[in-house]
Amino acid sequence: MAQSMTHAPGAAAPAGHHTPWYRVLYIQVLIAIALGVLLGWLHPEWGKSVKWMGDAFIALIKMMIAPIIFCTIVHGIASIGDLKKVGRVGLKALIYFEVVSSVALLIGILVGEIVRPGAGFGADISKLDAKAVEGYASKAAADSTIAHLLGIIPKSFFEALAGGDLLQVLLVSILTGVVLTGMGAKGESITHGIDAAGQVFFRIIGIIVKLAPIGAFGAMAFTVGQYGIGKVIDLAWLVGTFYTTSLLFIFVVLGGIAAFSGFSIFKFLAFIKDELLIVLGTSSSETVLPHMMTKMKRLGASDSVVGLVIPTGYSFNLDGTNIYMTLTTLFLAQAVGADLTFGQYATIFLVAMLTSKGASGVTGAGFITLAATLAAIPGNPVPVAAMTLVLGVDKFMSECRALTNLIGNGVATVVVSRWEGELDREKLRQVMAHPIAIGTDISDHSPDAPSQVGTDGPRIVAAQ
């Protein structure tokens, strides 16, 4: 039978459920990251040789992302049963995304102008090796506004699920959910089947995520082995400025939004610490998308809001990528001695706002959108070849991009749920009282069976 076990408020871990430290996921990931950095530093060739570990882990996660998003959005829309409400939630989410994304872009420009990380760099445009970034430039050139819009439409319904393009998956998911809403009893039975399939996919993710330490080890060993810590030292001012700006955005902007919504950004970060560490190791926020959805529901956000906001946020709410694009663009302009006009600043802002959409949490997407932004500036004051100046440290900045994107989407989910009047404030209060204990328990167990929380603290239901 099931027996409830309680422990006093403020206890560090649920009583009767002590997990050895070496079996806790976030500790495993921390150790793996440290070992990866050490291997890449001491034996670069060995570090580069284990790249396949990180690639394999990310590939396993990406394999499940499209079906999970499809099942979650379809079930979320169909279970609401009211297309007006679906439209209302979607509109609120998009308004929030655009406002906060604009703030992120402006902060990048503001910090770039105040700190001027590229001033005095003195890069000679004629000596830049354009071949090093030809691949990124060609991809950016092919992604015009029309091509970007047409790219949202898959060649077939199943190609979206097979290809894994998030915008295409969103399109077919929304269409399916809308149709099922109007099919009555037959639609309800199909929705139930889709929900059951989603639970299967979540359980598969629960198995895959246990391999996160291996993926983090391989990714970090390759990064340090391939690019070397020396690259970071050479461009430490840019990397440091970007990390500081992102922290400023997280604690001031997102922290202020969180406080207004009734929770602490610091406790929120403690609650999702496992996901943050996995993203730090893999440089991709997609690796924790399913677990973030589970945790946001546990935090008190409604199922329907989580199902709509988290997946769409991965394409439309990329705060870290926005900061990166404007700040790095200004760095490159300063490095090559280009003086930008007000019109060029406005173009950078507008183009970055557009190109960031659809640049999901996949490693390298930010670099492609940066190329597209540079190519669109009138007069071409900053050649795309200038990107070679940051090519060596982009991988180190991609971790910060992914982390900021993840935190921004988590906060957005709570805010939109509160705005819609569907935030369970009691759940939020309970989780925020014990963020580390509850967050660790959810990460260490099946996403379908999170811990139960009472007013006296975490309470684990254990089978006997």
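Residues numbered from 1 in each chain as written. Predicted model: local features only at pLDDT ≥ 70, side-chain atom pairs only at ≥ 80, totals over all residues. Heavy atoms only, no water.

1. A look at the overall build of the protein
Helices and strands together make up the secondary structure of the protein, namely 21 helices and 3 strands. A burial count over the protein gives 55% of its 464 residues as buried. Put simply, 83% of the contacts in the protein that link residues at least 6 apart link residues at least 24 apart. When the accessible surface of the protein is split by element, carbon and sulfur atoms take 67% of a total near 19200 Å². (Helix = DSSP H or I, 4+ residues; strand = E, 2+ residues; numbered from the N terminus. Buried < 20%, exposed > 50% of the residue type's maximum accessible area, 1.4 Å probe, protein only. Contact = heavy atoms within 4.5 Å. Areas by Shrake-Rupley, 256 points an atom, 1.4 Å probe, with all protein chains shown as cover.)

2. Here's the deal with the packing of helix α1 (residues 25-42) against helix α13 (residues 273-282)
The interhelical angle for the contact between α1 and α13, taken along N-to-C directions, is 25°, at an axis separation of 9 Å. Between α1 and α13, the angle is such that the two are roughly parallel. Two packed elements cross with a definite hand, and for α1 against α13 that hand is left-handed. Where α1 abuts α13, its residues L25, Y26, V29, L30 and I33 lie against K273, D274, L277, I278, L280 and G281. (Axes fitted to C-alpha atoms, helices over the stretch in contact; angles between N-to-C directions. Parallel < 35°, antiparallel > 145°, perpendicular 65-115°, else oblique. Left-handed = near helix turned anticlockwise from the far one by under 90°.)

3. Here we look at a nonpolar patch on the surface
A cluster of nonpolar residues, I31, L35, L38, W41 and L42, forms a patch on the protein surface that exposes about 520 Å² of accessible area. Along the chain, L35 turns up in helix α1. Since its relative accessible area comes to 46%, L35 is described here as partly exposed. (Patch = residues over 30% accessible without salt bridge, like charges linked within 9 Å, V, L, I, M, F, W, Y side chains within 5 Å. Salt bridge = Lys/Arg side-chain N within 4 Å of Asp/Glu carboxyl O.)

4. Section: the packing of aromatic side chains
Per the counting criterion, the structure on display carries 7 aromatic pairs. On the basis of an interplanar angle of 85° and a centroid distance of 6.3 Å, the ring pair of F242 and Y243 is categorised as edge-to-face. Looking at F242, the relative accessible area reads 0%, which means it is buried. According to the relative accessible area criterion, Y243 is partly exposed, its value standing at 29%. The interplanar angle of 70° and the centroid separation of 5.8 Å between the aromatic rings of F242 and Y324 together place this pair among those described as edge-to-face. With F242 in helix α11 (residues 236-260) and Y324 in helix α16 (residues 319-335), the pair connects residues that are 82 residues apart, well separated along the chain. One aromatic cluster is present, formed by F70, F157 and F158 through successive ring pairs. Over the ring of F271 we find K295, and its NZ or CZ is 5.2 Å from the ring centre. (Phe/Tyr/Trp six-rings, centres within 6.5 Å; stacked < 30°, edge-to-face > 60°. Lys NZ or Arg CZ within 6 Å of the ring centre and 35° of its normal.)

5. Looking at the nonpolar core
Among soluble globular proteins, nonpolar side chains are generally buried collectively. Counting 120 residues, the largest nonpolar core has I265, F268, F271, M296, L299, L332 and I407 as the members making the most contacts within it. If you tally residues by element for this core, the top one is helix α3 (residues 51-80), at 14 residues. Discounting residues that sit within four places of it in the chain, F268 has contacts with F263, M296, L299, I407, G410, V411 and M432. (Core = buried A, V, L, I, M, F, W, Y, C linked by side-chain atoms within 4.5 Å.)

6. A closer look at the UniProt feature "transmembrane region" (unreviewed entry) in the protein
Per the UniProt entry, the sites bearing "transmembrane region" (unreviewed entry) are residues 24-44, 56-81, 93-111, 166-185, 200-222 and 242-266 in this numbering. Strand forms 0% of residues 166-185 and helix 90%; the C-alpha atoms that close the span are 29 Å apart. End C-alpha to end C-alpha, residues 242-266 measures 20 Å, and it is 84% helix and 0% strand. (UniProt positions renumbered as here; feature names shortened; annotations may be inferred.)

7. Notes on helix α14 (residues 289-298)
α14 sits mainly inside the fold: 9 of its 10 residues count as buried. Buried residues of α14: L289, P290, H291, M292, M293, T294, K295, M296 and R298, and no others. G300 sits one or two positions beyond α14 and adopts a positive phi of about 120°.

8. Things to note about the side chain of T326
Examined against the element boundaries, T326 turns out to sit in helix α16. Side-chain polar atoms of T326 contact the backbone oxygen of N322, separated by 3.2 Å. Apart from residues lying up to four places away in sequence, T326 is in contact with A104, L105, G108, I109 and I348. (Polar contact = N/O pair within 3.5 Å; in protein donor to acceptor, adjacent residues only side chain to side chain.)

9. Notes on the side chain of N409
Tracing the chain through its elements places N409 in helix α19 (residues 391-419). Apart from residues no more than four positions distant in its own chain, N409 is found in contact with I310, G313, Y314 and N317.

10. A short note on the confidence of the model for the protein
Chain-level statistics for the protein give a pLDDT mean of 79 and a share of 80% at 70 or above. Contacts of residues 1-16 to residues separated by more than four positions or lying in other chains number 36 contacts, the stretch itself having pLDDT below 50. With pLDDT under 50 throughout, residues 446-464 is counted as low confidence; its partners more than four residues away or in other chains account for 58 contacts. (pLDDT = per-residue confidence, 0-100.)

11. Some points on the pattern of salt bridges
What the rule picks out here adds up to 9 salt bridges. A single network of salt bridges, built from pairs that share partners, joins K273, D274, E275 and K295.

12. Re α16
The end-to-end C-alpha distance of α16 is 24 Å, a good match for the 24 Å that 17 residues give at a rise of 1.5 Å each. A large share of α16 lies buried, amounting to 17 of its 17 residues. Of the residues trailing α16, G337 is marked for its positive phi of about 75°. (Expected span 1.5 Å × (residues − 1).)

13. Quick word on the environment of V306
Within the secondary structure, V306 sits in helix α15 (residues 303-316). Through-space distance from the C-alpha of V306 to that of M293 is 6.2 Å; in sequence the pair is 13 residues apart. Setting aside anything within four residues of it in sequence, one finds V306 in contact with M293, M296, K297, A301, P311 and T413.

14. Here's the deal with unusual backbone geometry
For R116, which is not a glycine, the phi torsion comes out positive at approximately 50°. Mapped onto the secondary structure, R116 falls in the loop between α4 (83-115) and α5 (134-142).

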